[in-house]
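Each chain, letter by letter, is given below.
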Amino acid sequence: MSRFAPEHLTPEQIEEQSAVYGPFTQAVRDLVDAAIRTELGGDDIRAAQAAVEAVTARLREREIEGALGVTFSEDGVGRPWGNAVIGLRNAVAPPLVVEKAEDGSRVWSQFHLGAAYEGPPGCVHGGVASLVLDQMLGQAAGAGGRPGMTATLQVHYRKPTPLGPLRAEAWIERTEGHKTWARGELTGPEGLCVEAEGLFILPRWAREPADAETRPGFFE
Ligand SMILES: CCCCCCCCCCCCCC(=O)SCCNC(=O)CCNC(=O)[C@H](O)C(C)(C)COP(=O)(O)OP(=O)(O)OC[C@H]1O[C@@H](n2cnc3c(N)ncnc32)[C@H](O)[C@@H]1OP(=O)(O)O
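Residues numbered from 1 in each chain as written. Predicted model: local features only at pLDDT ≥ 70, side-chain atom pairs only at ≥ 80, totals over all residues.

A. Expanded view of the site of the ligand. Around the ligand sit 20 residues, and of these Gly138, Met149, Ala151, Pro203 and Arg204 come closest. Contributions of two or more residues to the shell around the ligand are made by helix H3 (126-143), strand E6 (149-157), strand E9 (191-201) and helix H4 (204-207). With five residues, H3 is the single largest residue contributor to the shell around the ligand. Looking at side-chain class alone, the shell around the ligand contains eight nonpolar, nine polar and three charged residues. (Near = placed C-beta within 6 Å. Helix = DSSP H or I, 4+ residues; strand = E, 2+ residues; numbered from the N terminus. Nonpolar A, V, L, I, M, F, W, Y, C, P; charged D, E, K, R; others polar.)

B. Fine view of unusual backbone geometry. Look at the link from Pro94 to Pro95: it is a cis peptide, with omega at -10°. Within the element layout of this structure, Pro95 appears in the loop between strand E3 (78-79) and strand E4 (99-100).

C. Just the nonpolar core, in detail. Core analysis: the largest hydrophobic core is formed by 30 residues, its most contacted members being Val132, Leu133, Leu137 and Ala140. For this core, the secondary-structure elements that each account for two or more residues are strand E5 (106-113), H3, strand E7 (164-176), strand E8 (179-188) and E9. It is H3 that contributes the most residues to this core, nine residues altogether. For this core, the domains that each give at least three residues are domain 1 (1-95) and domain 2 (96-207). For Leu133, the contacting residues outside a window of four places in its chain are Val155, Ala168, Gly184, Leu186, Val194 and Ala196. (Core = buried A, V, L, I, M, F, W, Y, C linked by C-beta atoms within 7 Å. Buried ≥ 20, exposed ≤ 12 C-beta atoms within 10 Å, placed from the backbone. Domains from an automatic or database assignment. Contact = placed C-beta atoms within 7 Å.)

D. Representation of the domain arrangement of the chain within the structure. You can read the domains of the chain as domain 1 (1-95) and domain 2 (96-207). Between the C-alpha centres of domain 1 and domain 2 the distance comes to 23 Å. For the side of domain 1 that touches domain 2, the per-class residue count stands at seven nonpolar, no polar and two charged.

E. Representation of the sheet that holds E5 in the model. In spatial order, the strands read E4-E5-E7-E8-E9-E6; together these six strands make up an open sheet with antiparallel pairing. In the strand order of this sheet, the two ends are held by E4 and E6, each with one partner. Bridge count for E4 against E5 is two bridges, and the pairing is antiparallel. Paired with Glu99 across the two strands is Trp108, which belongs to E5. (Pairing = 2+ DSSP bridges.)

F. Molecular detail of H3. Across its 18 residues, H3 extends 25 Å between first and last C-alpha, which sits within 8% of the 26 Å expected from 1.5 Å per residue. With 14 of its 18 residues buried, H3 lies for the most part within the structure. Phi for Gly145, located one or two positions after H3, is positive at around 75°. (Expected span 1.5 Å × (residues − 1).)

G. Representation of the environment of Gly184 within the structure. With respect to the element layout, Gly184 can be found in strand E8. The sequence separation of Gly184 and Glu74 amounts to 110 residues, and the corresponding C-alpha distance is 31 Å. Residues in contact with Gly184, not counting those within four places in the same chain, are Leu133, Met136, Leu137, Ala140, Ala168, Glu169, Ala170 and Ala196.

Structure (structure tokens):
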């Protein structure tokens, strides 16, 4: 399967799929949270394991090879449903719902990180904060019409990020040719926790479409 692939689905079909997979994926997220926090043990856990394994076996009866990639409908809107931060079908993703300013100058998201994202006790894992900010800075670049891959990401942890309700925001700082520098921050109920700045570059294979055909991994 192509990693960036056109898909001829109508908006109604996309809506239908989203209505099926969205709640299902949320149920899997709840399962992960419950698995971390349950106080049941022994036979109860062994029975739960057998039930989960049965569901997994059923799902695997029909599955694609590899990852979901990003599919595009005819209007050019992408569906990154497997994305680790915003993926509607990825139970690992919190998921973030990213909003953007009409003029594309900023993106932001309010979201919740629970027990599955713990690093220091009661706090968000630093790698998860970095993951979220990488995505947000990338989205800011894209919202400003300057999509790119992360070339560098510098993260400043100002104070521990508490698990719970959080807000992330990002914007473009400056641009130069194919390079876009973006900044962003992650805030908790008591203010700024993490800041990041990153360089996003539109890769050569995207700048020169002819190369895209021969670049394995992206257009295979
Ligand atoms: C449409 C495409 C984008 C799709 C993304 C949608 C994601 C949405 C949101 C996702 C969010 C999540 C985001 C993720 O998770 S993205 C996943 C994490 N990032 C990666 O895996 C990126 C891996 N690296 C690459 O793909 C390429 O090396 C990149 C894209 C970085 C450069 O590409 P390419 O190799 O083709 O470029 P070029 O050789 O023509 O060089 C061009 C210029 O850039 C300069 N340079 C190069 N590397 C670096 C560097 N590391 N630091 C500083 N500068 C660097 C270079 O000197 C030159 O400068 P100049 O000589 O012109 O001055």
